[in-house]
Protein chains: 2
Amino acid sequence: MNTLDVIKARTSYRGKYKNTPVSRDDLTKIMEAGLAAPSGCNTQTTSLIAVDDPDVMARLRGVIEPEFKVSSPAMICVLTQYIKSYRDRCFSVHDYSAAIENMLLAIVDLGYESCWVEGQITDDDAIGRKMADILGVPQDYELICFLPVGVADEPTRFPKKKAFGERAWFNGFGG
Amino acid sequence: MNTLDVIKARTSYRGKYKNTPVSRDDLTKIMEAGLAAPSGCNTQTTSLIAVDDPDVMARLRGVIEPEFKVSSPAMICVLTQYIKSYRDRCFSVHDYSAAIENMLLAIVDLGYESCWVEGQITDDDAIGRKMADILGVPQDYELICFLPVGVADEPTRFPKKKAFGERAWFNGFGG
């Protein structure tokens with residue numbers, strides 16, 4: 001699909017998924033898109049784990065629900081390492097956010113839907129750490145987000161957004 | 001262009017730009033792509049200012065250089081508001097990073113190049129605040145990044161990245 005069309009078609013899908021499997025080839029393409037994102041001083045702080053094994057999916061669901069309902073047949077787990085990349089600055093959040101956005105676009109491009117699930121697994125109840133333990137993730141990595149991947153079984157919806165002129169201008173604020 | 005091709009073709013361009021103008025139509029499409037990015041609980045914390053007026057560009061160059069050489073005929077300035085969107089959490093960095101990645105892809109899709117310039121303008125010398133003052137940006141917004149926009153006058157280069165298998169796996173860390 002055309003890039004600008006995909007950017008506009010992407011939305012946060014929270015409905016049910018069909019159980020149509022997601023191919024390894026597609027999961028690989030999605031992760032390649034994530035790894036192609038820029039990172040502060042090319043520090044490459046983001047790593048990824050695609051999950052498509054039904055047993056592993058079931059174990060992950062066991063710690064994620066009821067916080068978030070997961071009906072997709074696959075997901076991508078996003079890991080970060082907090083590393084300083086520029087003077088005393090750490091750009092890991094920027095790095096993984098750009099990687100996540102690339103993957104969300106690749107997911108839509110390939111005919112699937114997804115949703116950026118982060119706040120729900122990085123709160124005090126530390127669901128992300130429980131997921132990381134299931135996946136054998138070392139302590140110096142944090143699992144901060146997962147992206148369900150699958151074919152939507154319900155219509156997509158778009159949140160109401162402010163008008164262009166309330167958030168974007170030319171040559172000066174409010175211009 | 002196809003989404004996955006654009007994702008792979010995007011790179012941080014630091015060479016000279018041609019002085020071929022960037023049309024208002026293209027700058028609008030780039031900003032629309034930025035505003036289409038998701039934001040934590042749809043808080044829409046990111047705002048944008050496209051600059052194509054030669055006088056305004058000259059004044060901005062005056063505060064940016066010599067920290068960063070700007071030869072492009074246009075740029076997009078990225079503003080954020082730090083607003084809590086989920087319990088006590090603020091996702092503004094995530095929000096603007098996703099918006100920036102969308103814009104970088106739109107820029108490449110439309111035949112231009114760019115580079116995510118953030119660390120250089122948000123250090124102690126506060127170049128971002130000087131740029132914001134030129135653009136009349138209120139104090140409750142921070143100008144945290146700019147994206148040069150123009151046609152490349154030199155070849156693009158790609159940084160060396162780790163192999164896929166060092167950063168991406170299936171069903172478990174290192175798997």
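Rules used in this analysis
- Residues numbered from 1 in each chain as written.
- Chains lettered and ligands numbered in written order.
- Predicted model: local features only at pLDDT ≥ 70, side-chain atom pairs only at ≥ 80, totals over all residues.
- Heavy atoms only, no water.
- Helix = DSSP H or I, 4+ residues; strand = E, 2+ residues; numbered from the N terminus.
- Buried < 20%, exposed > 50% of the residue type's maximum accessible area, 1.4 Å probe, protein only.
- Areas by Shrake-Rupley, 256 points an atom, 1.4 Å probe, with all protein chains shown as cover.
- Lys, Arg positive; Asp, Glu negative; His and termini not counted.
- Charge placed at Lys NZ, Arg CZ, Asp CG, Glu CD.
- Least-squares fit on C-alpha atoms with pLDDT ≥ 70 in both.
- Contact = heavy atoms within 4.5 Å.
- Pairing = 2+ DSSP bridges.
- Axes fitted to C-alpha atoms, helices over the stretch in contact; angles between N-to-C directions.
- Salt bridge = Lys/Arg side-chain N within 4 Å of Asp/Glu carboxyl O.

Student: Just to check I follow, could you spell out the overall build of chain A for this structure?
Tutor: Per the secondary structure count, chain A includes six helices and six strands. Secondary structure elements of chain A, listed N to C terminal, follow the sequence α-α-β-α-β-β-β-α-α-β-α-β. With the C-alpha coordinates aligned to their principal axes, the bounding extent of chain A is approximately 55 × 45 × 30 Å. Buried positions account for 57% of the 175 residues belonging to chain A. Looking at chain A as shown, the accessible area adds up to about 7300 Å², and 50% of this sits on carbon and sulfur atoms. In chain A, which carries 20 positive and 24 negative side-chain charges, the distance between the mean positions of the two groups comes to 5 Å.

Student: Got a minute to help me understand the relation of the copies chain A and chain B in this structure?
Tutor: Copies of the same chain, two in number, are related to each other by a rotation about an axis and a translation along it. The transform that puts chain A on chain B rotates by 180 degrees and translates by 0.0 Å along the axis, for an RMSD of 0.0 Å. The superposition of one copy onto the other is thereby described by a two-fold rotation axis. Of the residues that chain A buries at the interface, 100% are likewise interface residues in chain B, meaning the two copies contact each other through the same surface.

Student: So what exactly am I meant to see when it comes to the sheet that holds strand β6 (residues 168-170) of chain A here?
Tutor: Ordered in space as β6(A)-β1(B)-β2(B)-β5(B), the four strands form an open sheet in which the pairing is mixed. With one partner strand each, in any of the chains shown, β6 of chain A together with β5 (142-149) of chain B form the two edges of the open sheet. Put simply, the sheet's adjacent strands are angled 20 degrees from each other on average, direction ignored. With seven bridges joining them, strand β2 (residues 74-80) of chain B and β5(B) adopt antiparallel strand pairing. Bridge pairing in β5(B) places B:M75 opposite B:P148. Helix α2 (residues 24-35) of chain B contacts β6 of chain A together with β1 (46-51), β2 and β5 of chain B of the sheet and is inclined by roughly 155 degrees relative to β6(A). Sheet contacts for helix α5 (residues 127-134) of chain B: β2 and β5 of chain B; angle to β5(B), the most-contacted strand, approximately 80 degrees.

Student: Could you clarify how one ought to interpret the pattern of salt bridges in this entry?
Tutor: Any two side chains of opposite charge can pair, given that their charged atoms come close. Scanning the entire structure with this criterion turns up 16 salt bridges over all chains. For A:D123, the salt bridge identified is with B:R87, shortest N-O distance 2.8 Å. Remark: B:R87 occurs in the loop between β3 (84-86) and β4 (89-90) and A:D123 occurs in the loop between α4 (92-109) and α5 (127-134); the pair is interchain, linking two chains. Between A:D123 and B:R89 there is a salt bridge; the shortest N-O distance is 3.5 Å. Of this pair, A:D123 sits in the loop between α4 and α5 while B:R89 is found in strand β4, placing the two residues in two different chains. The pair A:D123 / B:R89 is uniform in exposure class, with both members buried. Through salt bridges with shared partners, a single network forms among A:E67, A:D123, B:R87 and B:R89.

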